[in-house]
Structure formats: C-alpha cells, structure tokens
Amino acid sequence: MSTQSIDASNSPLDPAQATQVNQLATQLSQAQLTWVAGYLTGLSASGQGAAVPAAAGDDGKLTILYGSQTGNAKGVAAALLEEAKAKNLPVELVSMGDFKPKRLKSTTHLALLASTHGEGDPADDAEILHELLGSKKAPKLDGLKYAVLSFGDTSYEFFCQTGKDFDERLAKCGAERILDRVDLDVEFEDQAKAWNSRVCDTFGPLLEQSRFSAFSQVGAVAKQSSVEYDKNDPFEATLLVGQKITGRNSVKDIRHIEIDLSESGIRYQPGDALGVFFKNDPELVADVLRALEIDPEERVGERTAREALRENFELTKLHSTFVKQYAETIGSDELIKVAGDKAILKEYTSDRQLADVVKQNPAKLEAETFFSLLRKLTPRLYSIASSQAEVDEEVHLTVAVVEYEAHGETHLGGASGYLCRRLQEGDPVKVFVKGNDNFRLPADPEAPIIMIGPGTGIAPFRAFLQERAANEVDGDSWLFFGAPNFTEDFLYQTELQDYFKKGQLKRLDLAFSRDQDYKIYVQNRLRERSEELWRWIERGAHIYVCGDATRMAKDVQDALLAIFEEQGQLSSEQASEFLKQLRRDKRYQRDVY
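We now turn to the structure provided with this report. (Residues numbered from 1 in each chain as written. Predicted model: local features only at pLDDT ≥ 70, side-chain atom pairs only at ≥ 80, totals over all residues. Heavy atoms only, no water.)

1. A few points about the overall build of the chain
A tally of regular secondary structure across the chain gives 22 helices and 22 strands. The buried share among the 593 residues of the chain stands at 50%. Expressed as a percentage of contacts within the chain between residues at least 6 apart in sequence, the contacts between residues at least 24 apart total 76%. Approximately 28600 Å² of the chain is accessible, and the part contributed by carbon and sulfur atoms is 46%. (Helix = DSSP H or I, 4+ residues; strand = E, 2+ residues; numbered from the N terminus. Buried < 20%, exposed > 50% of the residue type's maximum accessible area, 1.4 Å probe, protein only. Contact = heavy atoms within 4.5 Å. Areas by Shrake-Rupley, 256 points an atom, 1.4 Å probe, with all protein chains shown as cover.)

In structure tokens, the structure reads:
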C-alpha cells in the first residue's frame with residue numbers, strides 16, 4: 001500500500017528518525033497503522049517519552065506458561081520464546097510458580113507446557129495452578145485460546161497426566177483449544193521443535209494487532225542468555241576426585257565426586273543439578289550381546305554393536321514398554337503373559353534391569369531389531385553439592401552407589417556404577433548444568449533458612465552453606481540431617497561441625513536411625529523442635545527439603561503440617577493452606593527424587 005512520507009524538514013523528527021518511521025510505515029497494513037496511531041496517541045497523552053508503558057492486560061500477547069520439574073519444559077518454553085520473538089510476536093515467558101492464577105482471566109493467548117512426575121503429579125511450580133483449575137474456584141476462561149504441550153515418560157503408568165489435566169480443565173473452563181495437545185516421551189526434542197513452530201504459525205495471525213515488538217516493545221521479554229552446554233552438546237570435563245565418604249561398615253556406599261570444569265565457562269547456582277552422561281558396564285554389554293547371539297563387531301551404522309550398546313542405549317533402566325515389545329519380538333509366551341498382567345508386570349520390573357530381561361529370556365536377534373526396542377541412553381541428574389563462590393571451576397556431587405542383589409546377581413546403577421566404580425580420576429566425563437529455579441536461596445540473603453536433607457539430600461545444602469559462608473552472609477541457617485549410623489554415615493561431618501562452630505550454621509540437628517533400639521528420622525527431630533521451628537517460620541524462614549520422594553518427603557510434610565496445627569493453633573485445613581502459601585511465596589521448596 002502507499003503511504004505519505006514524512007518530510008524531516010517539516011517535522012520535529014531528525015532525518016534518521018523520519019527515515020525509520022517512513023520505512024516502518026511502508027511495511028504495515030491499514031489495521032496495523034490504525035493500532036500504531038492509537039498507541040502513539042495514548043503514549044503522548046500519558047506524558048511519557050521513549051519508555052514504553054506496560055500493557056494493562058494480556059490482550060494481544062502470547063503467554064508461554066511452563067511447569068517444569070527437571071527443566072525440560074522450561075528449556076522448550078525458552079526456545080519457544082526465542083522463536084516467537086524472532087517472528088516478531090508479542091510474547092512473555094512465565095513459570096507457573098511465578099504466575100498469579102487471577103491473571104488467567106485477562107490472558108487471551110496461551111501456550112502451556114507441563115511436565116508430569118511421580119504418579120501423575122504436577123511439577124512443584126505447577127501445583128497451585130493445577131489444583132485451582134480442577135477446583136470449584138476455577139475461573140471462566142471464555143476469551144482464552146490455548147495449546148498444551150505435555151512432558152512425560154511412557155514407562156510410568158500416568159503418562160503425561162498433568163498435561164492431560166490442564167488440557168481438559170482449560171476446556172472445561174470455556175477456553176478454546178487452538179491446537180491438539182501433544183504428549184512427549186523422554187526423547188522429545190524433534191517433536192518439541194515442531195510444536196513450537198506450529199504454535200508460532202498458528203497464533204501469529206491471531207496476534208496481528210500486536211506484531212510491533214520491534215517498534216513498541218510492548219509485552220517483549222528480555223532475551224535470555226543462551227546455555228553454552230546442554231544435553232545435546234555437553235562439556236567434556238575431567239574427574240578430579242571420587243572418594244568414598246561412608247565408613248567401611250556402612251550399609252551404603254556414598255561417594256564425594258569432584259569434576260573439573262576448567263576452560264568451559266560454565267556457571268551454576270546453588271540448587272542447580274549436573275547432568276552426567278555415562279557408559280554402560282562392558283561386562284553387561286557383553287552378556288546382552290551373547291544372549292542375543294549378536295556379533296560385538298557387527299557394524300550398525302558408523303559404530304560396532306558393542307560400541308553402540310555401551311554408549312548409546314539404556315541397559316539398566318527398565319520400563320514396562322520394553323518388556324511388552326521384547327516379549328512380542330521374541331515370541332515368548334511366558335513373557336507375554338507377564339506383560340499382560342499389570343500387577344505381575346509391576347512386580348517383575350521392580351528389581352530387574354533391562355539387561356536382566358534379555359539374559360533371562362535369550363533369543364537370536366538382529367542388532368538393528370534389538371536396538372529399535374531400546375531407548376537412547378539419557379544423562380542422569382545429580383543435585384550440585386558445591387558453590388562456585390567456594391570451588392570456582394569445579395563442581396561437586398554426592399552420589400550413592402545403586403547396588404543390590406537380585407536373581408543371583410549383583411546389580412549396579414548405570415550412572416552411579418560408572419561414576420563411582422568404573423571412572424578413574426583423570427578420566428573424561430561429559431556433563432552439563434541443569435538450572436533449577438524452584439530450589440533457590442532466598443532473594444533476601446539475611447532471611448533464615450531451614451534445610452532438611454537426610455542421606456545424599458545433604459548435597460544442595462552443602463552448596464547453600466558454601467555460598468553463604470563465601471559471601472559472608474549473616475542469615476541464620478538450620479540443618480536437619482539423617483543417616484543410619486553416626487560413625488559410618490555422617491556425611492561431610494568435619495565441614496558441618498566447622499560451620500556450626502563458626503556460627504555459619506546456627507542449628508544442626510541429627511537423626512541417626514540405627515544408633516538406638518528405636519528408629520529416629522529427620523521428621524522426628526522436626527517434631528521435637530516444633531516450638532523453635534515455628535518461631536523461625538514466623539520471622540520469615542524459608543524451608544527446603546531434599547532427598548527421597550517416596551517416603552521421606554511425605555513424612556516431613558506431614559510433620560510440618562502437624563507443627564503448623566500445634567504451634568500455630570491452626571485447623572487441618574488452615575495448616576494445609578498455610579503450607580500452600582509458603583510454596584506460593586517460595587518459602588517451601590523441594591528437590592525430591
């Protein structure tokens with residue numbers, strides 16, 4: 001279309017500004033010109049100069065909302081943000097943990113990314129919004145257009161349940177589904193990229209009235225720093241130290257791992273996790289190839305069967321899907337019967353590794369046929385046990401060796417066996433940092449913190465203490481640590497006692513479960529210290545829990561609720577709501593596994 005050009009000599013604009021306005025005007029439709037005219041009129045009336053006022057609502061903006069437990073949904077959401085911005089879509093990226101549910105009423109265009117963990121549970125940062133949309137308080141969302149991307153793992157019964165819930169609940173609230181929901185398994189990168197592109201292409205025309213982010217910057221979000229290394233491009237680091245830190249007679253083998261990150265430029269924060277790539281045990285690989293009568297030197301693409309099986313595919317982590325597919329592939333009636341009974345299958349997979357299924361049900365298979373049944377080897381995530389303010393270009397981990405006897409054999413965990421038993425000091429190991437914004441020290445460095453971390457759950461709290469000590473923070477710190485025996489399992493004993501002596505650790509409560517006739521756990525210590533705990537909470541303490549999700553985390557939460565009722569004189573419902581408010585305020589954070 002033609003437009004009338006501005007003559008700089010007859011306007012208050014300098015020549016460069018006049019040229020910019022003229023160039024922009026030639027690219028706009030009539031509707032877009034009308035929008036800009038109204039926008040500039042409003043801006044002039046407000047008396048503002050170059051600064052752009054924030055939008056009053058979310059109308060005309062794509063809101064990318066994510067609930068992420070391990071960071072996968074967050075990473076894809078960040079990629080969607082960048083793609084949307086590259087296509088000049090007005091957009092914002094928000095964690096569900098930072099999103100005020102009442103904003104849903106003013107949100108008009110939504111891309112929602114949700115992960116599922118445990119038994120169909122939402123990520124911690126998604127819990128509040130997930131509950132709201134499923135409750136009687138769910139808002140009417142007749143003006144909302146949305147698309148859902150769901151993250152999960154088909155080895156779990158409730159695959160992608162959280163995403164399914166959000167999809168169903170948004171529709172029930174009256175929102176309009178613009179794209180069919182996509183459910184992603186553990187190997188999701190290609191599907192996620194395709195979904196991101198579809199979202200931009202589909203929502204783009206709907207957002208035409210807001211496609212001026214380069215001009216107005218309304219709704220624009222500052223570009224996030226790109227991550228130099230990730231699971232698709234890990235850094236090849238070096239193992240510096242692999243030291244056992246439990247005693248000779250301990251029932252557990254726990255190692256302190258130190259890894260050199262020199263020349264990587266990698267930065268991490270206390271609370272983050274380290275992704276570690278590992279290689280399968282050569283003996284396990286040999287056993288599997290022998291059971292399937294596959295020549296180890298057979299070429300499969302560019303690699304031998306032995307190399308591919310050792311470095312590319314899962315052999316330890318067993319999922320029910322493999323049992324079913326393998327049973328059908330080899331035509332085993334017995335295994336097909338196991339796979340067909342849900343209860344029997346659950347028991348069958350409880351103490352077996354994938355390699356066990358093959359060794360116990362041998363058959364002659366082609367390498368490519370077998371490999372097609374396998375999942376790609378995925379890195380394991382470990383809570384980082386160090387602060388860079390203390391250790392600089394290193395990263396430390398606290399790793400428990402997964403080791404157990406079953407079916408007449410000793411079993412080792414894939415990653416823990418590699419890191420703690422097979423990797424030697426000086427050997428290379430591929431790693432990357434996985435950020436965790438749901439497990440952070442308080443923004444106020446002086447705020448009190450209460451840390452509850454039995455066993456290897458101590459890892460992030462070692463990082464917290466290092467960070468506070470290195471920065472000379474005066475905020476009070478209280479640690480609850482538990483283990484089987486004082487003499488065998490007191491992890492980082494010298495360090496913790498030193499922090500306590502110097503006052504950097506204000507309180508240190510220990511629970512050694514097997515040192516007396518009756519069991520004592522961290523939740524028991526919490527109840528014993530209930531009065532003082534409540535005083536800390538009343539003055540703004542942040543509570544952190546790290547460790548076993550199956551029992552410990554639930555028992556600790558039950559103990560906290562009991563303390564809220566007793567010390568805060570709250571009803572059961574009030575205590576539950578108080579805990580939810582702590583979570584909303586990011587004063588109750590968990591890193592459980």
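2. A few points about the sheet that holds strand β21 (residues 542-547)
Think of a sheet as strands paired side by side through backbone hydrogen bonds, with each pair either parallel or antiparallel. One open sheet accounts for five strands, arranged β20-β19-β18-β21-β22; its pairing is parallel. With partners counted over all chains shown, the strands left at the sheet margins are β20 (507-512) and β22 (588-592), one partner each. Across the sheet, the mean angle from the axis of one strand to that of its neighbour is 10°, orientation sign disregarded. As defined by bridge partners, strand β19 (residues 477-483) adjoins β20 across six bridges and the pair is classed as parallel. Across the sheet, Gly482 pairs through a bridge with Ala511, a residue of β20. (Pairing = 2+ DSSP bridges. Axes fitted to C-alpha atoms, helices over the stretch in contact; angles between N-to-C directions.)

3. What to know about the sheet that holds strand β8 (residues 235-244)
A sheet is described by the order of its strands in space; here six strands give the open sequence β13-β10-β17-β8-β9-β14, paired in antiparallel fashion. Looking at the sheet topology across the chains shown, the edges are occupied by β13 (380-383) and β14 (394-400). Averaged over all pairs of adjacent strands, the angle between their axes in this sheet comes to 40°, without regard to strand direction. Examined bridge by bridge, β8 and strand β17 (residues 428-434) share four bridges and lie antiparallel to one another. Considered in β17, the bridge of Phe235 is made with Val431.

4. Remarks on the side chain of Ser383
Of note, Ser383 is situated in strand β13. A polar atom in the side chain of Ser383 sits 2.7 Å from the side chain of Asp591. When sequence neighbours within four positions are dropped, the list of residues in contact with Ser383 reads Asp272, Ala273, His396, Leu397, Ala459, Pro460, Cys546 and Asp591. (Polar contact = N/O pair within 3.5 Å; in protein donor to acceptor, adjacent residues only side chain to side chain.)

5. What to know about the packing of aromatic side chains
Tallying each qualifying case throughout the model produces 21 aromatic pairs. Between Phe151 and Phe188, the aromatic rings sit 5.4 Å apart at their centres with planes inclined by 80°, giving edge-to-face as the arrangement. Residue Phe151 is located in strand β5 (residues 145-151), and its partner Phe188 is located in the loop between β7 (182-184) and α6 (189-206); the two are separated by 37 residues in the primary sequence. Phe188 gets classed as buried once you look at its relative accessible area, which sits at 7%. Arranged with centres 6.0 Å apart and planes meeting at 40°, the rings of Phe439 and Phe461 form a pair that is tilted. Remark: Phe461 occurs in helix α16 (residues 459-470) and Phe439 occurs in the loop between β17 and β18 (449-452); sequence separation between them is 22 residues. With respect to class, Phe439 is no different from Phe461; both count as buried. Three or more aromatic residues link up through ring pairs in this structure, and these residues are Phe313, Phe322, Tyr326, Phe370 and Phe371. (Phe/Tyr/Trp six-rings, centres within 6.5 Å; stacked < 30°, edge-to-face > 60°.)

6. Topic: the nonpolar core
For soluble globular proteins, nonpolar side chains are generally found buried alongside one another. Leu309, Phe322, Tyr326, Val358, Phe370 and Phe371 are the most contacted members of the largest nonpolar core, which totals 34 residues. Listed by contribution, the elements that provide at least two residues to this core are α7 (282-291), α8 (305-311), α9 (320-330), α10 (333-340), α11 (342-350), α12 (354-360) and α13 (367-371). Top contributing element to this core by residue count: α7, with five residues. Ignoring any residue separated from it by four or fewer positions in sequence, one finds Tyr326 in contact with Leu292, Leu335, Val357, Val358, Asn361, Pro362, Ala363, Leu365 and Leu373. (Core = buried A, V, L, I, M, F, W, Y, C linked by side-chain atoms within 4.5 Å.)

7. Some words on the side chain of Thr316
Residue position: Thr316 is located in the loop between α8 and α9. Aside from chain neighbours lying at most four places away, what touches Thr316 is Leu284, Gln353, Leu354, Arg380, Leu412 and Gly414.

8. Some remarks on α11
The periodicity of an α-helix, 3.6 residues per turn, causes residues three or four places apart in sequence to face the same way. For α11, the complete set of buried residues consists of Leu345, Tyr348 and Thr349. Projection of α11 onto a plane perpendicular to its axis shows the buried side chains occupying an angular sector of 90°, all on one side. Exposed side of α11, more than 90 degrees from the buried face: Ala343, Lys346, Glu347 and Ser350 are the residues found there. Tucked inside the fold, the buried residues of α11 contact α9, α10 and α12. A side-chain oxygen of the first residue of α11 lies 3.1 Å from the backbone nitrogen of Ala343; this N-cap is Asp341. (Arc of directions from axis to C-beta.)

9. Some details on unusual backbone geometry
Positive phi, normally seen in glycine, also occurs at Glu293, with a value near 55°. Inspection of the secondary structure puts Glu293 in the loop between α7 and β11 (299-300). According to the relative accessible area criterion, Glu293 is exposed, its value standing at 52%. If you check the backbone angles, Glu472 has positive phi at about 55° while not being a glycine. Take Glu472: it is sitting in the loop between α16 and β19.

10. With respect to the environment of Val395
Mapped onto the elements, Val395 comes out in strand β14. The buried category is assigned to Val395, whose relative accessible area is 0%. Sequence separation between Val395 and Asp260 is 135 residues, and the spatial gap between their C-alpha atoms is 6.7 Å.

11. Observations concerning the packing of helix α3 (residues 72-86) against α6
Running from amino to carboxyl end, α3 crosses α6 at an angle of 40°, the nearest separation of the two axes being 10 Å. In terms of orientation, α3 lies oblique with respect to α6. Here the hand of the crossing between α3 and α6 comes out right-handed. Packed against α3, whose contacting residues are Val76, Ala79, Leu80, Glu83 and Ala84, the element α6 presents Ala192, Trp195, Asn196, Ser197, Val199 and Cys200 at the interface. When grouped by side-chain class, the residues that make up the contact of α3 with α6 number eight nonpolar, two polar and one charged. (Parallel < 35°, antiparallel > 145°, perpendicular 65-115°, else oblique. Left-handed = near helix turned anticlockwise from the far one by under 90°. Nonpolar A, V, L, I, M, F, W, Y, C, P; charged D, E, K, R; others polar.)

12. Examining the pattern of salt bridges
One pass over the full model with this rule turns up 41 salt bridges. We note a salt bridge from Arg103 to Glu92, for which the minimum N-O separation is 2.3 Å. With a gap of eleven residues between them, Arg103 in the loop between β2 (91-95) and β3 (107-117) and Glu92 in strand β2 connect regions that are remote in the sequence. Here Arg103 falls in the partly exposed class, since its relative accessible area comes to 23%. Close ionic contact of Lys502 with Asp498 constitutes a salt bridge, the shortest N to O distance being 3.2 Å. Owing to a relative accessible area of 56%, Lys502 belongs among the exposed residues under this scheme. Looking at Asp498, the relative accessible area reads 33%, which means it is partly exposed. Linked through salt bridges whose partners overlap, the residues forming this network are Arg507, Asp509, Arg525, Glu528, Arg529 and Glu532. (Salt bridge = Lys/Arg side-chain N within 4 Å of Asp/Glu carboxyl O.)

Geometric descriptors of this kind do not, in isolation, establish any biological role.
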